[in-house]
Amino acid sequence: MSKKIIAGNWKQNGTLKSSISLTKKVLQAVKKKKYTHEIIIIPPSIFLLPIKDLIHKSQIKLGAQNVSAFNDGAYTGEISGSMLKDSGVDYCLVGHSERRHIIKEDESDFSSKVSRLIDNDIKVIYCFGETLNDYKNKKTKLIIKRQLKKLFFNNKNSLKKHPSKLILAYEPVWAIGTGLIPSPEELVSTFKYIKNTVNKFDKKYASIQILYGGSVTPDNASSLMDTEHIDGLLIGGASLIAKKFIDICSTI
Ligand code: PEP
């Protein structure tokens, strides 16, 4: 059985100095407690290499927040999947709500990115979830189905060959950075729906892990993790504060 996952997405925050200090604190905790779950930190790309040097040979895995949709070549400002691999990156986010709604990336960008990552043997953490408007209009399941259908249809060949290279992260847009989270009943129903939907696409997808993300704190982490089909947590704000992130890692 796969390990539970705790991933911290630092977004576009911090300095080199603060990122190193945060990493060292998490490293210290990990060395002391020897967690049985997978711990992933996802710093801004410019800090990936110095952080990789720090966590080398530790239990902490390295994630990237973004990847180019293209292979190496004339794409100014982009970082390719092979460059991420070369820098020791194990995981990469795709489809995060900030990239959907602020950067305006779409499903065709995401499907190219998923391919580039799988080709370079990097695990994809694919984020999806409904907006506040969708939630209010009771369209959560409809939106989830639509997003998952596009992901699994557009990447059918590579995902069927390498289902273990995909991790799903359900992040309701209205829960990100707001302090709001779905009710326990909503979570049970939504995660069951995600699990069934994915299994219906193909039996090979039965073991794909599903994370929850959106306003996770040390106070709600353990009850979230007790929810059926939640295999881990994707944490934004709380992952920037060493004590909070370590407390979350320690509560599960
Ligand atoms: C995120 O952006 O992926 C996230 C879950 O953020 P937060 O934990 O701050 O809600």
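Check the entry above for the structure.
Residues numbered from 1 in each chain as written. Predicted model: local features only at pLDDT ≥ 70, side-chain atom pairs only at ≥ 80, totals over all residues. Heavy atoms only, no water.

## Let's talk about the pairing of strand β3 (residues 60-64)
Side chains on a regular strand alternate between the two faces of the sheet. As a reminder of what qualifies: Between buried and exposed lies partly exposed: a residue is buried under 20% and exposed over 50% of the maximum accessible area for its type, with that area taken using a 1.4 Å probe on protein chains only. Numbering of helices and strands starts at the N terminus; helices are DSSP runs of H or I of at least 4 residues and strands are runs of E of at least 2. Note on pairing: DSSP must find at least two bridges between two strands before they are called paired. If the strands point away from the viewer and the path from the first strand over the helix to the second runs clockwise, then the crossover is right-handed.
Summarising burial for β3: four of the five residues are buried, a large majority. Two elements, strand β2 (residues 38-42) and β3, share three bridges in a ladder whose sense is parallel. The residue of β3 that forms the bridge with I41 is L62. Handedness of the crossover joining β2 and β3 through helix α2 (residues 48-55) is recorded here as right-handed.

## Quick word on the nonpolar core
This is how the line gets drawn: For this analysis, a nonpolar core means a set of buried residues of the types Ala, Val, Leu, Ile, Met, Phe, Trp, Tyr and Cys, connected via side-chain atoms within 4.5 Å. Whether two residues touch is decided by their heavy atoms; if any such pair falls within 4.5 Å, the residues are in contact.
Y126, F152, L168, Y212 and L233 are the most contacted members of the largest nonpolar core, which has 61 residues in total. Here Y126 is in contact with V94, R100, E107, F110, V114, Q147, L151, L166, I167, L168 and A169, once residues within four sequence places are set aside. Core analysis: the next-biggest nonpolar cluster, separate from the first, contains twelve residues, A7, I42, I125 and L234 among them.

## Quick word on the site of the ligand
The condition is simple: Here, proximity means that at least one heavy atom of the residue falls within 4 Å of the molecule or strand. Polar contacts here mean pairs of N or O atoms no more than 3.5 Å apart (in protein, one a potential hydrogen donor and the other a potential acceptor; neighbouring residues in sequence count only if both atoms are side-chain atoms).
Taken together, 15 residues sit near the ligand, with K11, E171, G177, S215 and G237 positioned nearest. A distance of 2.7 Å separates an oxygen atom of the ligand from a polar atom in the side chain of E171. A distance of 2.8 Å separates an oxygen atom of the ligand from a polar backbone atom of G237.

## Quick word on the sheet that holds strand β4 (residues 91-94)
Neighbouring strands of a sheet are bound in pairs by backbone hydrogen bonds; such pairs are parallel or else antiparallel. Put simply, the rule reads: Axis definition: a line fitted to C-alpha atoms, over the contacting stretch in the case of helices. Angles run 0 to 180 degrees between N-to-C directions.
Spatially, the eight strands close up into a barrel ordered β1-β2-β3-β4-β5-β6-β7-β8, and their pairing is parallel. Averaged over all neighbouring strand pairs, the angle between strand axes comes to 25°, with direction disregarded. Where strand β7 (residues 209-213) meets strand β8 (residues 232-235), three bridges bridge the pair, whose relative direction is parallel. Looking at the pairing, L211 lines up with G232 of β8. Across the sheet, helix α5 (residues 107-119) touches β4 and β5 (123-128), and the angle it forms with β5 is around 160°. Contacting β5, β6 (166-170) and β7, helix α9 (residues 184-201) crosses the sheet at an angle of about 145° to β7.

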